[in-house]
Number of protein chains: 2
Amino acid sequence: MTEDAYEVVATELRAAIDAGDYAPGQQLPSGPKLAERFGVHRGTVYRALEALATEGYVTLEKRRPAIVRERPRERMVVRDRVVYRDEIGYFFDQNAKTWRPVKPPTHRIAPPPNHVADTLGTARGENVLIRERIMAPPGAKRGLQLAISYLPLWLVAELPVIGGSNTGPGGIYDRIEEHFDQPIRWHETIVGRGPTSVEQDALTVPASGVVLVVTRAAQVEREDEELTVEINETSMPAEQFAVSYAVTRDESAAWPREADADES
Amino acid sequence: MTEDAYEVVATELRAAIDAGDYAPGQQLPSGPKLAERFGVHRGTVYRALEALATEGYVTLEKRRPAIVRERPRERMVVRDRVVYRDEIGYFFDQNAKTWRPVKPPTHRIAPPPNHVADTLGTARGENVLIRERIMAPPGAKRGLQLAISYLPLWLVAELPVIGGSNTGPGGIYDRIEEHFDQPIRWHETIVGRGPTSVEQDALTVPASGVVLVVTRAAQVEREDEELTVEINETSMPAEQFAVSYAVTRDESAAWPREADADES
DNA sequence: TAGTGGTCTAGACCACGGC
DNA sequence: CCGTGGTCTAGACCACTAT
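Residues numbered from 1 in each chain as written. Chains lettered and ligands numbered in written order. Predicted model: local features only at pLDDT ≥ 70, side-chain atom pairs only at ≥ 80, totals over all residues. Heavy atoms only, no water.

1. Some words on a negative patch on the surface
Residues and elements named next belong to chain A.
For step 1, the next point in the chain: Taken together, the side chains of Glu221, Glu223, Asp224 and Glu225 make up a negatively charged region of the molecular surface.
For step 2, the next point in the chain: In this structure, Asp224 sits in the loop between strand 11 (211-222) and strand 12 (225-237).
For step 3, the next point in the chain: Classification of Asp224 by relative accessible area gives exposed; the value is 77%. (Patch = residues over 30% accessible without salt bridge, like charges linked within 9 Å, V, L, I, M, F, W, Y side chains within 5 Å. Areas by Shrake-Rupley, 256 points an atom, 1.4 Å probe, with all protein chains shown as cover. Salt bridge = Lys/Arg side-chain N within 4 Å of Asp/Glu carboxyl O. Lys, Arg positive; Asp, Glu negative; His and termini not counted. Charge placed at Lys NZ, Arg CZ, Asp CG, Glu CD. Helix = DSSP H or I, 4+ residues; strand = E, 2+ residues; numbered from the N terminus. Buried < 20%, exposed > 50% of the residue type's maximum accessible area, 1.4 Å probe, protein only.)

Given below as structure tokens:
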């Protein structure tokens, strides 16, 4: 079925890790040594390690042997589809509440990616305000989430405070709700894909890695029109995160079931 | 910043696709031709195409030149955190309602992956009932979702009908709710990772590709204990799917905000 | 300074698709 | 049949780490 050499290597290493031959946190043998042991070329070993990394078994750091993940395939849960609020403002992730920016957030004016322009309702290539920041848990050296926020310039014109560095208590969302005098409605979309080069740098993800991207669109109404006032794209290394939530029942799925009640 | 040859190639091809130089649905030039045009080795071109594929720009089919995706970076939305019901039973995905199995579903008894055993509450290596099926939209030739369902054997012993091929109207969920006389509660977790070899075969995803995996756990209560009665893992090619839902407000995020009301 | 990871080239092989 | 994609080996280079 699968005879490919790199898969044989991957399968063998996976089994060894599951069996505890290599302790979590420890390094695997170096590339050349594994190549010799399996009798394959070093490049083939590297393909196998790439596969193990995207499955969450090992972490690849530059110029260091592969490291066995603490708890293979276990991930941090980051979203639960609910928005909370504390004295500082809204937050969408209970865990990330204490996280801090790795370096000062940036903001600039430039055109967003096409798919962002499409949902923002601006023309492709048209400038928007882009705020970017890299977040990490206290004590961590690596950035774990790259958050990019896109704001249409017509909104910045109406509400100049959101264009500055200090957006006041509660941040831009509070300013927007005050301005429109209504609650914001959010919608999230989750996607998995290979990392852009920006993400590779910010999150130290290898080119062969995977990122999970949560795209959050903020909407308000004005004169019966639906306006998208912000888009926030948060990307994170896929091996380290999972998105989790409880499933709620549509009316059609109410319990006890109608069929049961009617039955007789 | 990024001088790597394969990224240069990827960036150039991405720009060409965005600019419309290659129409959606059309093939890109062959590997050797691109290699000559960019003055790099064919292997380098291949790395670039892998990257474009995981970003959703192109589709790689075996032994055929890369094909430009119909609408680059656009994905089918499959879940919205709500469960519905029709005359047949529960369903979790409005789009997939009309999908059919590519071949007859299988069922067998074997140990599940460790992480499934852990949430099912069975010992690692202990046998469970595994049902597997590959779903595709009507008319499609490729499987688009691989759904694997894990059921603990103690439940099969109590409720033998769920071990058979024909589980009756409404399927196993209806049988379970009847048996426990209470509604099932579901919980979903979303993860992105590289494909297993089973997924590579079932979904025709290349080894370098990415899959989105939605793991749904079904729980009931008995004697104040929480029992996990089933785990369903549905994996799909990440470039073709997105998970999407509306964000709901926690009490702490009610609107109008208390601060506004108190303020004065 | 020796070893390593990450990338790249050159050349090879095989299975398969289109002609 | 030739061309293609996917994989593999051999050998090279560079930036970096550990010593």
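2. Details of the nonpolar core
For step 1, the next point in the chain: Membership of the largest hydrophobic core comes to 26 residues, with the highest contact counts inside it found for A:Ile190, A:Leu212, A:Val243, B:Ile190, B:Leu212 and B:Val243.
For step 2, the next point in the chain: When contributions to this core are tallied by element, the ones reaching two or more residues are strand 11 and strand 13 (241-246) of chain A together with strand 11 (211-222) and strand 13 (241-246) of chain B.
For step 3, the next point in the chain: Excluding residues that lie within four positions of it along the chain, A:Leu212 makes contacts with A:Ile190, A:Val191, A:Gly192, A:Thr234, A:Ser235, A:Met236, A:Ala238, A:Phe241, A:Val243, B:Ile190, B:Gly192 and B:Leu212. (Core = buried A, V, L, I, M, F, W, Y, C linked by side-chain atoms within 4.5 Å. Contact = heavy atoms within 4.5 Å.)

3. As for the packing of aromatic side chains
For step 1, the next point in the chain: According to the stated counting rule, one finds 8 aromatic pairs over all chains in the structure shown.
For step 2, the next point in the chain: Relative to A:Trp186, the ring of A:Tyr173 lies with its centre 5.2 Å away and its plane at 80 degrees, an arrangement referred to as edge-to-face. Within this pair, whereas A:Tyr173 is found in helix 6 (residues 171-180), its partner A:Trp186 is found in strand 10 (residues 185-193), the two being separated by 13 residues in sequence.
For step 3, the next point in the chain: A relative accessible area of 4% places A:Trp186 in the buried class.
For step 4, the next point in the chain: A centroid spacing of 6.1 Å and a plane angle of 75 degrees characterise the contact between B:Phe92 and B:Tyr173, whose relative ring orientation is edge-to-face. With B:Phe92 in the loop between strand 5 (90-91) and strand 6 (100-101) and B:Tyr173 in helix 6 (residues 171-180), this pair connects stretches of sequence that are 81 residues apart. For the pair B:Phe92 and B:Tyr173, one class covers both residues: buried.
For step 5, the next point in the chain: Through a chain of ring-to-ring contacts, three or more aromatic side chains come together here, namely A:Tyr90, A:Phe92, A:Tyr173 and A:Trp186. (Phe/Tyr/Trp six-rings, centres within 6.5 Å; stacked < 30°, edge-to-face > 60°.)

4. Side note on helix 1 (residues 5-18) of chain B
For step 1, the next point in the chain: Compared with an ideal rise of 1.5 Å per residue, which puts 14 residues at 20 Å, helix 1 of chain B spans 20 Å between its outermost C-alpha atoms and is within 8% of the ideal.
For step 2, the next point in the chain: When helix 1 of chain B is considered as a whole, its buried residues turn out to be B:Tyr6, B:Glu7, B:Val9, B:Ala10, B:Leu13, B:Ala16 and B:Ile17.
For step 3, the next point in the chain: The elements touched by buried residues of helix 1 of chain B are helix 7 (197-203) of chain A together with helix 2 (31-38), helix 3 (42-55), strand 1 (58-59) and strand 2 (67-68) of chain B.
For step 4, the next point in the chain: B:Gly20 sits one or two positions beyond helix 1 of chain B and adopts a positive phi of about 90 degrees. (Expected span 1.5 Å × (residues − 1).)

5. Examining empty space enclosed by the protein
Residues and elements named next belong to chain B.
For step 1, the next point in the chain: Counted according to the given criterion, the structure contains 2 cavities of 30 Å³ or more.
For step 2, the next point in the chain: Approximately 140 Å³ is the volume found for the largest cavity.
For step 3, the next point in the chain: Residue lining of the largest cavity: 16 residues in total, with Ala53, Thr59, Leu60, Pro206 and Glu239 positioned closest to the centre.
For step 4, the next point in the chain: Breaking the lining of the largest cavity down by element, the ones donating at least two residues are helix 3 and strand 1. (1 Å grid on protein atoms, 1.4 Å probe; cavity = no way out; pocket = protein on both sides within 12 Å on 5 of 7 lines; lining within 4 Å. Points joined across faces, edges and corners; volume = space filled by probe spheres on them.)

6. Focus on the interface of chain B and chain A
For step 1, the next point in the chain: At the junction of the two partners, chain B supplies 60 residues and chain A supplies 60 residues.
For step 2, the next point in the chain: Contact between chain B and chain A buries roughly 5,200 Å² in total, counting both sides, with carbon and sulfur atoms accounting for 51%.
For step 3, the next point in the chain: Summed over the shared surface of chain B and chain A, the number is 2 salt bridges.
For step 4, the next point in the chain: A salt bridge links A:Glu50 to B:Arg47, with the shortest nitrogen-to-oxygen separation between them at 3.1 Å.
For step 5, the next point in the chain: Here chain B and chain A share 3 residue pairs in polar contact (both at pLDDT 80 or more) between them.
For step 6, the next point in the chain: For the side of chain B that touches chain A, the leading source of residues is strand 10 (residues 185-193) of chain B, giving 8 residues.
For step 7, the next point in the chain: Residues belonging to the side of chain B that touches chain A are distributed by class as follows: 26 nonpolar, 14 polar and 20 charged.
For step 8, the next point in the chain: As paired strands, strand 4 (residues 82-85) of chain A and strand 14 (residues 248-249) of chain B are joined by 2 bridges and run parallel to one another. (Buried area = accessible area lost by both parts, 1.4 Å probe. Polar contact = N/O pair within 3.5 Å; in protein donor to acceptor, adjacent residues only side chain to side chain. Nonpolar A, V, L, I, M, F, W, Y, C, P; charged D, E, K, R; others polar. Pairing = 2+ DSSP bridges.)

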